[in-house]
Amino acid sequence: MKLIAANWKMNKTTQETKDYLEKFLGLVEGIDGVDILICPPFTSLCVAWEILKDSKVKLGAQNCHYEQKGAFTGEISLDMLKDLGVSYVIVGHSERRWIFGETDELINKKIIACLEKGIRPILCVGEKIEDREAGLTLKVIESQLKLALSGLEDVSDKIDVAYEPVWAIGSGNPAMPEDAQLVHSYIKELLGKVRVLYGGSVNPKNASDFLCMPDVDGLLVGGASLDPLSFAQIVKASCADKA
Ligand code: 13P
């Protein structure tokens, strides 16, 4: 099943979250055959779960800490997230890697912790523009995957991978669907039958161009997921394309 995921990043108060989700649930009513995921900020998880718990829309977090509890000021554990209805966590998003200095080693610890707790990680990988221009895209992706999954047996059915080229995120300049397809098929060559999402300037107009690629198994959407109507249109594009 395809997965269409919203990453709200640092957006929306609790009231904005409620307003969005009440509208969104109406817009996706009756839609089947696709996994839908909303990842609001931590502060909105509680109100989001109240609204989503009886629906088919799943709740995710944008980050987690790998330890169970303790002296880690400002961090959130997986038990805390599970308690709020979270079933997915985005791990290793490029904004975490490049703005907050997350290393592959840290990302590996988070993936292991998610798997131990039964929370499904969405592992984000992606090259910077200078890597792409130097022809290093596949090397970078391979290295990020190997390090993030180091020490783990085959986990291809327990995680999702999101290919998000750093230069395509929030830039209005998405990857060419054919270029994304090449990277997605390479990821599957390395990991086996894993679900691979594309992310980076996805919008209601281009969503189906990605979804019709054979190895694009879903989308991770930032900016265009902040409006319920626009995100619902992207979800609907996945259904139109299911064949
Ligand atoms: P945009 O859709 O805003 O480019 O963001 C993509 C992203 O980073 C999703 O995780």
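Provided above is the structure to which this section pertains.
The sections below set out a description of the structure shown in this document. (Residues numbered from 1 in each chain as written. Predicted model: local features only at pLDDT ≥ 70, side-chain atom pairs only at ≥ 80, totals over all residues. Heavy atoms only, no water.)

### Points about the site of the ligand
Around the ligand, the structure places 13 residues, and the nearest of them are Lys9, His93, Gly170, Ser201 and Gly223. Within the contact set of the ligand, an oxygen atom lies 3.0 Å away from a side-chain nitrogen or oxygen of Asn7. Protein chains bury 95% of the 310 Å² of accessible surface belonging to the ligand in isolation. Among the residues making up the shell around the ligand, the classes are represented as four nonpolar, seven polar and two charged. (Near = heavy atom within 4 Å. Polar contact = N/O pair within 3.5 Å; in protein donor to acceptor, adjacent residues only side chain to side chain. Areas by Shrake-Rupley, 256 points an atom, 1.4 Å probe, with all protein chains shown as cover. Nonpolar A, V, L, I, M, F, W, Y, C, P; charged D, E, K, R; others polar.)

### Topic: helix α7 (residues 137-148)
For α7, built from twelve residues, the straight-helix expectation of 16 Å at 1.5 Å per residue is met to within 8% by its first-to-last C-alpha distance of 17 Å. For α7, the complete set of buried residues consists of Thr137, Val140, Ile141, Gln144, Leu145 and Ala148. With its buried residues spanning 125 degrees around the axis, α7 presents them on a single face. What points out from α7, more than 90 degrees from its buried face, is the exposed set Lys139 and Lys146. Looking at the buried positions of α7, the neighbouring elements they touch are α4 (94-98), α5 (104-117), β5 (120-125), α6 (129-133), β6 (160-163) and α8 (177-191). (Helix = DSSP H or I, 4+ residues; strand = E, 2+ residues; numbered from the N terminus. Expected span 1.5 Å × (residues − 1). Buried < 20%, exposed > 50% of the residue type's maximum accessible area, 1.4 Å probe, protein only. Arc of directions from axis to C-beta. Contact = heavy atoms within 4.5 Å.)

### Section: the packing of aromatic side chains
Considering all chains together, one arrives at five aromatic pairs under this definition. For the pair Tyr20 and Phe24, a centre-to-centre distance of 5.8 Å together with 35 degrees between the ring planes defines the contact as tilted. Pair noted here: Tyr20 and Phe24 are both in helix α1 (residues 14-27), with a separation of four residues, about one helical turn. Through successive ring pairs, a cluster of aromatic residues spans Trp8, Tyr20, Phe24 and Phe231. In this arrangement the basic side chain of Lys128 is found over the ring face of Trp98, its NZ or CZ atom lying 3.7 Å from the centre. (Phe/Tyr/Trp six-rings, centres within 6.5 Å; stacked < 30°, edge-to-face > 60°. Lys NZ or Arg CZ within 6 Å of the ring centre and 35° of its normal.)

### Considerations on the packing of α7 against α8
Remark: α7 packs on α8, axes separated minimally by 11 Å, with the N-to-C direction vectors making an angle of 40 degrees. By the criterion of interaxial angle, the relationship of α7 to α8 is oblique. For the element pair α7 and α8, the recorded crossing hand is right-handed. Facing Thr137, Leu138, Ile141, Glu142 and Leu145 of α7, the residues of α8 in contact are Val183, Tyr186, Ile187, Leu190 and Leu191. When its residues are assigned to classes, the contact of α7 with α8 shows eight nonpolar, one polar and one charged. (Axes fitted to C-alpha atoms, helices over the stretch in contact; angles between N-to-C directions. Parallel < 35°, antiparallel > 145°, perpendicular 65-115°, else oblique. Left-handed = near helix turned anticlockwise from the far one by under 90°.)

### What to know about the pattern of salt bridges
Evaluation of the coordinates by the stated rule reveals 16 salt bridges. Asp160 serves as the salt-bridge partner of Arg120, at 2.9 Å between the closest nitrogen and oxygen. Taken together, the residues span a long stretch of sequence, with Arg120 in strand β5 and Asp160 in strand β6 at a distance of 40 residues. Residue Asp160 is joined to Arg195 by a salt bridge in which the shortest nitrogen-to-oxygen separation is 2.9 Å. Of the two residues, Asp160 is situated in strand β6 and Arg195 in strand β7 (residues 195-199); the sequence distance between them amounts to 35 residues. The residues Asp160 and Arg195 share a single accessibility class, namely buried. Salt bridges linked by common partners bring Asp35, Lys58, Arg120, Asp160 and Arg195 together as one network. (Salt bridge = Lys/Arg side-chain N within 4 Å of Asp/Glu carboxyl O.)

Interpretation in functional terms is not warranted from these geometric data alone.
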